[in-house]
Amino acid sequence: MSSLPAVWEGALLGGLLCGLLSLAVPWVVRMLPEPAPDPDRGEGEPGAPPKPTYAALGSRPGLLPGAVLSGLAAGALAGGVVGPGWTLALVVLAVPVCVALAFVDWHTRLLPSRLVLPATGLLLLVVAVEWAVTGDRDDPLRAVLGLLVARSLFWVLWFVHSAGMGFGDVRLAALLGLVLAHAGWAELAVGVYAPFLLFAVPGVVLALVRRDRGLLRVAYPFGPFMVLGALVGLCLGPVLLGSLTGA
């Protein structure tokens, strides 16, 4: 267990760095290249609502304060749990990217590979540097295995039911799996499972309250729930898994 000073040190450091890096979120969103219209999603067809451009999304007045507050909160929560160290370094780099991805996915139902893949490559580079500097193989190897496990699981789900999951979710799973597994296997297990509960439970409750089964067939982007579920796994993974297993 982290001592109280280490908890506060990690929270302050994580919140400050994630908040500062999140200042770049609007610029990152504006700089994303526009994808070609996808006929499978009904884009470009007559009468289809136009997809908001990344330039317009990145220029929304509320994005900057929302991104900074989200980065501060996520960084502080995660930093308070993991404490200063290599896991926190991964968190600090991943949080602003995840804030941008969650925002873009919510408004466009797209997770741009031009953002996910370079971010994943950067995190892998950090893990390689950790291995070279510290000589510790356990955390880096677990992180790489977590990337492979999470990506493989989501790839299977995409392959079985591609209509309900985009391949961007598969790419995002790799990024999140790396960070979660670096923290621990419990964090990975809860962080991979939690998004499905966070995604399904509110929809079911809303459908019951409104007595409208049609709400269960409404398509929502899954990326924001993956990001939120990863934060749950990172902060509460060992506690939740321990309570379920009785450990």
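None of these values were measured; they are calculated from a predicted model.

A. Spotlight on the overall build of the protein. Counting its secondary structure elements, the protein contains ten helices and zero strands. The helix and strand sequence of the protein, counted from the amino end, reads α-α-α-α-α-α-α-α-α-α. For the protein, the proportion of contacts with a sequence separation of at least 24, taken over those separated by at least 6, is 76%. When the accessible surface of the protein is summed, it comes to about 13,200 Å², and 70% of that surface belongs to carbon and sulfur atoms.

B. Highlighting unusual backbone geometry. The backbone phi angle of arginine 109 is positive, close to 60°, even though this residue is not glycine. Within the secondary structure layout, arginine 109 lies in the loop between helix H5 (86-108) and helix H6 (113-134). Take arginine 109: its relative accessible area is 42%, and that puts it in the partly exposed class.

C. Up close: the layout of surface pockets. The computed volume of the second largest pocket comes to approximately 510 Å³. As for the second largest pocket, its lining consists of 25 residues, and the residues nearest its centre are Ala74, Cys98, Val99, Val227 and Leu228. Elements represented by at least two residues in the lining of the second largest pocket include exactly helix H4 (63-82), H5, helix H8 (167-183) and helix H10 (223-245). Of the residues forming the lining of the second largest pocket, the biggest block, eight residues, is contributed by H5. A breakdown of the residues in the lining of the second largest pocket according to their chemical character gives 22 nonpolar, three polar and no charged.

D. Main features of the nonpolar core. In terms of nonpolar packing, the biggest core is built from 55 residues, with Phe154, Leu175 and Leu178 touching the most fellow members. Ranked by the residues each element gives to this core, the list is headed by H5, at 14 residues. Other than its neighbours up to four places away in sequence, leucine 175 contacts Ala94, Val97, Cys98, Val116, Ala119, Thr120 and Leu123.

E. Quick look at H4. Counted at 1.5 Å a residue, the expected span for H4 with its 20 residues is 28 Å, and the 28 Å between its end C-alpha atoms agrees. Positive phi appears at glycine 83, one or two residues downstream of H4, with a value of about 75°.

F. Fine view of the packing of H8 against H10. Taken N-terminus to C-terminus, the directions of H8 and H10 make an angle of 5°; their axes are 10 Å apart at the nearest point. Between H8 and H10, the crossing angle belongs to the class labelled roughly parallel. Contact with H8, carried on its side by Asp169, Leu172, Ala173, Leu176, Leu180 and Ala183, involves Gly223, Met226, Val227, Ala230, Gly233 and Leu234 of H10 and no other residues of that element.

G. Representation of the side chain of aspartate 105 in the model. Its location among the elements puts aspartate 105 in helix H5. Look at aspartate 105: it is buried, it has no salt bridge, and the nearest opposite charge is arginine 109 at 6.3 Å. In contact with aspartate 105, not counting residues within four places along its chain, are Leu110, Leu111, Pro221, Phe222, Gly223 and Pro224.

H. Looking closely at the side chain of histidine 182. Mapped onto the fold, histidine 182 is located in helix H8. Look at histidine 182 and you get buried, because its relative accessible area is 2%. For histidine 182, the side chain forms a polar contact with the side chain of glutamate 130, separated by 2.7 Å. Among residues more than four places away in sequence, those in contact with histidine 182 are Trp86, Thr87, Leu90, Val127, Glu130, Asp139, Pro140, Arg142 and Ala143.

I. Here's a closer look at the packing of aromatic side chains. Under the criterion given, the structure shown has eight aromatic pairs. Both rings, one in tryptophan 155 and one in tryptophan 158, keep their centres 6.3 Å apart while their planes meet at 50°; by these two values the pair is tilted. Pair noted here: tryptophan 155 and tryptophan 158 are both in helix H7 (residues 138-160), with a separation of three residues, about one helical turn. The partly exposed category is assigned to tryptophan 155, whose relative accessible area is 35%. Owing to a relative accessible area of 25%, tryptophan 158 belongs among the partly exposed residues under this scheme. Ring geometry for phenylalanine 199 and phenylalanine 222: centres 5.2 Å apart, planes at 90°, overall edge-to-face.

J. Highlighting the packing of H4 against H10. One way to put it is that H4 packs onto H10 with a least axis distance of 9 Å and a crossing angle of 30°. Our classification of the angle between H4 and H10 gives roughly parallel. Note that H4 runs across H10; the crossing there is left-handed. In contact with Ala74, Leu77, Ala78, Val81 and Val82 of H4, H10 contributes Leu231, Leu234 and Cys235. Looking at the contact of H4 with H10 residue by residue, the classes come out as eight nonpolar, no polar and no charged.

Conventions used here
Residues numbered from 1 in each chain as written. Predicted model: local features only at pLDDT ≥ 70, side-chain atom pairs only at ≥ 80, totals over all residues. Heavy atoms only, no water. Helix = DSSP H or I, 4+ residues; strand = E, 2+ residues; numbered from the N terminus. Contact = heavy atoms within 4.5 Å. Areas by Shrake-Rupley, 256 points an atom, 1.4 Å probe, with all protein chains shown as cover. Buried < 20%, exposed > 50% of the residue type's maximum accessible area, 1.4 Å probe, protein only. 1 Å grid on protein atoms, 1.4 Å probe; cavity = no way out; pocket = protein on both sides within 12 Å on 5 of 7 lines; lining within 4 Å. Points joined across faces, edges and corners; volume = space filled by probe spheres on them. Nonpolar A, V, L, I, M, F, W, Y, C, P; charged D, E, K, R; others polar. Core = buried A, V, L, I, M, F, W, Y, C linked by side-chain atoms within 4.5 Å. Expected span 1.5 Å × (residues − 1). Axes fitted to C-alpha atoms, helices over the stretch in contact; angles between N-to-C directions. Parallel < 35°, antiparallel > 145°, perpendicular 65-115°, else oblique. Lys, Arg positive; Asp, Glu negative; His and termini not counted. Salt bridge = Lys/Arg side-chain N within 4 Å of Asp/Glu carboxyl O. Polar contact = N/O pair within 3.5 Å; in protein donor to acceptor, adjacent residues only side chain to side chain. Phe/Tyr/Trp six-rings, centres within 6.5 Å; stacked < 30°, edge-to-face > 60°. Left-handed = near helix turned anticlockwise from the far one by under 90°.

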